[in-house]
Amino acid sequence: AQKVTQAQTEISVVEKEDVTLDCVYETRDTTYYLFWYKQPPSGELVFLIRRNSFDEQNEISGRYSWNFQKSTSSFNFTITASQVVDSAVYFCAGGAYKYIFGTGTRLKVLA
Amino acid sequence: GAGVSQSPSNKVTEKGKDVELRCDPISGHTALYWYRQRLGQGLEFLIYFQGNSAPDKSGLPSDRFSAERTGESVSTLTIQRTQQEDSAVYLCASSLSSADTQYFGPGTRLTVL
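Cut-offs and rules
Here, residues in each chain are numbered from 1, in the same order as that chain's written sequence. Here every chain gets a letter starting at A, and every ligand a number starting at 1, in the order they are written. Totals for whole chains, interfaces and linings use all residues, but because this is a predicted model, local features are given only for residues with pLDDT of at least 70 and pairs of side-chain atoms are given and counted only at 80 or more. Hydrogens and water molecules were not included; the side-chain quantities draw on all heavy atoms of the structure. Only a pair of cysteine sulfur atoms within 2.5 Å qualifies as a disulfide here. To qualify as a helix, a DSSP run of H or I must reach at least 4 residues; to qualify as a strand, a run of E must reach at least 2; elements of each kind are numbered from the N terminus. Burial status follows relative accessibility: with a 1.4 Å probe on protein chains alone, a residue under 20% of its type maximum counts as buried, one over 50% as exposed, and anything between as partly exposed. We call a set of buried Ala, Val, Leu, Ile, Met, Phe, Trp, Tyr and Cys residues a nonpolar core when their side-chain atoms join them within 4.5 Å. Contacts are assigned to residue pairs with any non-hydrogen atoms lying within 4.5 Å of each other. Confidence of the prediction at every residue is given by pLDDT, a number between 0 and 100. Summed over both partners, buried area is the accessible surface (1.4 Å probe) that two parts give up on being assembled. The term salt bridge refers to a side-chain nitrogen of Lys or Arg lying within 4 Å of a carboxyl oxygen of Asp or Glu. Polar contact is the term for a pair of N or O atoms within 3.5 Å; when the atoms are in protein, one must be able to donate a hydrogen and the other to accept it, and sequence-neighboring residues count only if both atoms are side-chain atoms. Should DSSP find at least two bridges between two strands, the strands are taken to pair. To get an axis, a line is fitted to the C-alpha atoms, and for a helix only the part in contact is used. The angle between two axes follows their N-to-C directions and goes from 0 to 180 degrees. Centres within 6.5 Å are what make two rings of Phe, Tyr or Trp a pair, Trp counting through its six-membered ring; a difference in plane orientation under 30 degrees is then read as stacked, over 60 as edge-to-face, and the rest as tilted.

J.: Quick question: what am I supposed to make of the state of the cysteines here?
T.: Each disulfide consists of a covalent bond between the sulfur atoms of two cysteine residues. Residues and elements named next belong to chain B. Counting across every chain of the model gives two disulfides over all chains. What pairs with C23 in a disulfide is C92, and their sulfur atoms sit 1.8 Å apart. Between C23 and C92 the sulfur-sulfur dihedral comes to about -65°; the bridge is accordingly left-handed. Taken together, the residues C23 in strand β3 (residues 19-24) and C92 in strand β8 (residues 88-95) connect sequence positions 69 residues apart. Using a relative accessible area of 0% as the deciding quantity, one classes C92 as buried.

J.: What should I look at first to understand the nonpolar core in this one?
T.: For soluble globular proteins, the rule of thumb is that nonpolar side chains tend to be buried together. W36, W66, F75, F77, Y90 and L107 of chain A are the most contacted members of the largest nonpolar core, which has 23 residues in total. Among the secondary structure elements, those contributing two or more residues to this core are β2 (10-14), β3 (19-21), β5 (33-39), β6 (46-52), β8 (64-69), β9 (74-79), β10 (88-95) and β12 (105-110) of chain A. If near-sequence neighbours (up to four positions away) are discounted, W66 of chain A is found in contact with W36, L48, I49, N58, E59, S61, F75, N76 and F77 of chain A. Counting 20 residues, the second largest nonpolar core, distinct from the first, contains V4, C23, I79 and A88 of chain B.

J.: Just checking my understanding: could you explain the confidence of the model for chain B for this structure?
T.: Predicted coordinates in regions of low pLDDT should not be interpreted in detail. Looking at chain B, the pLDDT average stands at 93 and 99% of residues meet or exceed 70. Here strand β5 (residues 43-50) of chain B is the element of chain B with the lowest mean pLDDT, 93, and strand β7 (residues 75-79) of chain B is the one with the highest, 98.

J.: Please clarify how the interface of chain A and chain B should be interpreted in this entry.
T.: It is common to report an interface's size as the accessible area lost on association of the parts. Opposite the 16 residues of chain A that make contact, chain B presents 20 residues. Between chain A and chain B the total buried area reaches about 1500 Å² when both faces are included, carbon and sulfur atoms providing 54% of it. Our count for the chain A to chain B interface comes out at one salt bridge. A salt bridge links K98 of chain A to D56 of chain B; its shortest N-O distance comes to 3.7 Å. Our enumeration of links across chain A and chain B arrives at four residue pairs in polar contact (both at pLDDT 80 or more).

J.: Looking at this structure, how should I read the sheet that holds β3 of chain B?
T.: Residues and elements named next belong to chain B. Pairing is antiparallel in the open sheet, where four strands are placed in the order β1-β3-β7-β6. Strand pairing shows two members of the sheet lacking a second neighbour, β1 (5-7) and β6 (65-69), which therefore form its edges. Averaged over all pairs of adjacent strands, the angle between strand axes in this sheet comes to 15°, irrespective of strand direction. Strand direction decides the pairing type here: β3 and β7, joined by five bridges, are antiparallel.

J.: What is the right way to read the pairing of strand β10 (residues 108-112) of chain B from this model?
T.: The two faces of the sheet receive side chains in turn, since in a regular strand these alternate between them. Residues and elements named next belong to chain B. Of the two faces of β10, only the one carrying T108, L110 and V112 is buried; R109 and T111 on the other face are not. Relative to β10, strand β2 (residues 10-13) runs parallel, the two being bridged by four bridges. Within β10, the residue paired with V12 across the bridge is T111.

J.: Explain the packing of aromatic side chains here, please?
T.: Here the distance between the centres and the angle between the planes together describe a pair of aromatic rings. Residue and element names in this part refer to chain A. If you walk through the whole model with that rule in mind, you get 22 aromatic pairs over all chains. Ring plane angle 25° and centroid distance 6.2 Å describe the contact between F35 and Y37, whose orientation is recorded as stacked. Y37 shares its class with F35; the two are buried. Seen from their ring centres, Y37 and F47 are 5.9 Å apart, and the 65° between their planes marks the pair as edge-to-face.

Okay, structure coming up:
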């Protein structure tokens, strides 16, 4: 069975602070993909990143960075110098084709 | 190019009525998925179509739910005899193939009175 855990229900930070969103993906599969999606107040899910289970290289894209550690089943997402526009619910998901989504972390960035 | 589109954007219905939700995937995407998102919760997988293969219906919550897909294009999700617990946002996603990233539509918000 697969399981995605996002233990942080809600996080509030002040603008320009760094924030890390945690995700743990548990599976017996050796090949799988991991994802982060952003769901702003408008409701539409926006794809952020996809990683496969064989690639543990950290990835940086602008103010976003991701750290995947297979040994701990963690796929954490860091936003550097957060902005008010980053306020959204962030979902972590994992799987091969049938994604299991976490319950999401609501990020509030205060001006 | 155009993204995934869904219609209607909002649907209000009375308990016991049937509803049909429509999804137009990105052109060329062979895989199509339906998810349900209840208020304040994560996404719940419902059904998956890949080309001409038999769909994976393992996430459908009851036999009141069914979905069809015409070739590699439009899909409809039908809920018969709607119940109040069916109220949710129904999201459709498509991907180039089953191993590729899924891109989501804006969803249909279903309210059952």
